[in-house]
Amino acid sequence: KAGVTQTPRYLIKTRGQQVTLSCSPISGHRSVSWYQQTPGQGLQFLFEYFSETQRNKGNFPGRFSGRQFSNSRSEMNVSTLELGDSALYLCASSFAKPGTDTQYFGPGTRLTVL
Amino acid sequence: AQSVTQPDIHITVSEGASLELRCNYSYGATPYLFWYVQSPGQGLQLLLKYFSGDTLVQGIKGFEAEFKRSQSSFNLRKPSVHWSDAAEYFCAVGARAAGNKLTFGGGTRVLVKP
């Protein structure tokens, strides 16, 4: 079974631009979560989507948004990029049961903001 | 609010020696606990998880962890380390009430000496 895939793997943007990252979950998984990983703040939860609805949200500004499609694929968007948005963005998928399901992570998208 | 502390930022161990990584959590109810490993440039791979039942949990790659409720700890151990175990290790806590949101510790980087 294929794992979680994320595209693109690497991205370079400049301040003020916007970016869209994509995540394809493991087949059959209906929940997709997004995390930001930085050296200073570590791994932080962004949001979770299930059945095209945001089910949970972390403490990030409104510039960070996401959506989920009917095939469970998810995208996250960051508008008006800031230097501090440079990070590894990780996507994780699981079946559905909140809190009891194992989450499987993708390889991440490395975003660099210049 | 949930929180996870990994007291050791770096640990250096000789190949063949035993390894123990510490994890302390803070959560009011029964937590769900996880250990993930991350190699450079990679996503997170699940080593093991604890939801309920036997407090000694066996995982992949020869790792095990023990849940001690009285100490709010979930320490990871391996009897004999291999050079390929050099990586960063993350402890995480989840809870049914938090959906699929995981709260991660800051990580422990393990270096293996030949």
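Overview of the structure. (Residues numbered from 1 in each chain as written. Chains lettered and ligands numbered in written order. Predicted model: local features only at pLDDT ≥ 70, side-chain atom pairs only at ≥ 80, totals over all residues. Heavy atoms only, no water.)

The subject of this paragraph is the overall build of chain A. Helix and strand content of chain A: 0 helices and 11 strands. Element order for chain A, N to C, with α for helix and β for strand: β-β-β-β-β-β-β-β-β-β-β. For chain A, whose C-alpha radius of gyration is 13 Å, the value lies close to the compact-globule estimate of 13 Å for 114 residues. Each principal axis of the C-alpha distribution contributes one length, and for chain A these read about 40 × 25 × 25 Å. Buried residues in chain A amount to 54% of all 114 residues. Accessible area of chain A: about 5300 Å², with a carbon and sulfur share of 50%. (Helix = DSSP H or I, 4+ residues; strand = E, 2+ residues; numbered from the N terminus. Rg over C-alpha atoms; globule rule 2.2 N^0.38 Å. Buried < 20%, exposed > 50% of the residue type's maximum accessible area, 1.4 Å probe, protein only. Areas by Shrake-Rupley, 256 points an atom, 1.4 Å probe, with all protein chains shown as cover.)

Another point: the state of the cysteines. Residues and elements named next belong to chain A. Applying the stated criterion to the full structure yields 2 disulfides over all chains. Two residues, C23 and C91, share a disulfide whose sulfurs are 1.7 Å apart. With the S-S bond torsion at -50°, the cross-link from C23 to C91 turns out left-handed. Here C23, found in strand β3 (residues 19–24), pairs with C91, found in strand β9 (residues 87–94); they are 68 residues apart in sequence, far enough to count as distant. (Disulfide = S-S within 2.5 Å.)

This brings us to the pairing of strand β2 (residues 10–14) of chain B. Residue and element names in this part refer to chain B. Here β2 shows a clear split, with I11 and V13 buried on one side and none of H10, T12 and S14 buried on the other. Bridging between β2 and strand β12 (residues 108–113) involves 5 bridges; their strand directions are parallel. When the sheet's bridge partners are listed, H10 is paired in β12 with R109. (Pairing = 2+ DSSP bridges.)

Overall, the coordinates contain 10 salt bridges over all chains when judged by the stated rule. Taking the shortest distance from any N to any O, the salt bridge between R73(A) and E75(A) comes out at 3.3 Å. On the basis of relative accessibility, which here comes to 24%, the residue R73(A) falls in the partly exposed class. Measuring nitrogen to oxygen at the nearest pair gives 3.5 Å for the salt bridge that ties E66(B) to R77(B). Within this pair, whereas E66(B) is found in strand β8 (residues 64–68), its partner R77(B) is found in strand β9 (residues 73–78), the two being separated by 11 residues in sequence. Looking at E66(B), the relative accessible area reads 24%, which means it is partly exposed. Given the relative accessible area of 23%, R77(B) is considered partly exposed. A single salt-bridge network, built from bridges that share partners, covers R63(A), E82(A) and D85(A). (Salt bridge = Lys/Arg side-chain N within 4 Å of Asp/Glu carboxyl O.)

This paragraph deals with the interface of chain B and chain A. Tallying the contact residues gives 20 residues for chain B and 24 residues for chain A. Summed over both partners, the interface of chain B with chain A buries about 1700 Å², with 51% contributed by carbon and sulfur atoms. Inspection of the region where chain B meets chain A yields 0 salt bridges. Taken together, chain B and chain A are joined by 5 residue pairs in polar contact (both at pLDDT 80 or more). Sorting the residues of the side of chain B that touches chain A by element identifies β5 (32–38) and β6 (44–50) of chain B as the ones contributing at least two each. Per element, the largest residue contribution to the side of chain B that touches chain A is 4 residues, and it comes from β5(B). Its residues assigned to classes, the side of chain B that touches chain A comprises 11 nonpolar, 6 polar and 3 charged. (Contact = heavy atoms within 4.5 Å. Buried area = accessible area lost by both parts, 1.4 Å probe. Polar contact = N/O pair within 3.5 Å; in protein donor to acceptor, adjacent residues only side chain to side chain. Nonpolar A, V, L, I, M, F, W, Y, C, P; charged D, E, K, R; others polar.)

The residue after T7(A), namely P8(A), is reached through a cis peptide bond having omega -10°. Note on placement: P8(A) falls in the loop between β1 (5–7) and β2 (10–13). Phi angles above zero are rare outside glycine, and S72(B) is one such case at about 50°. Relative to the helices and strands, S72(B) resides in the loop between β8 and β9. Accessibility expressed as a relative area gives 27% for S72(B), which makes it partly exposed.

A word on the nonpolar core. Core analysis: the largest hydrophobic core is formed by 26 residues, its most contacted members being W35(B), L48(B), L76(B) and Y89(B). The set of elements that each furnish at least two residues to this core consists of β2, β3 (19–21), β5, β6, β8, β9, β10 (87–94) and β12 of chain B. V19(A), I26(A), Y49(A) and C91(A) belong to the second-largest nonpolar core, a separate cluster that totals 21 residues. (Core = buried A, V, L, I, M, F, W, Y, C linked by side-chain atoms within 4.5 Å.)

Note that all results are geometric; they support no functional claim without further evidence.
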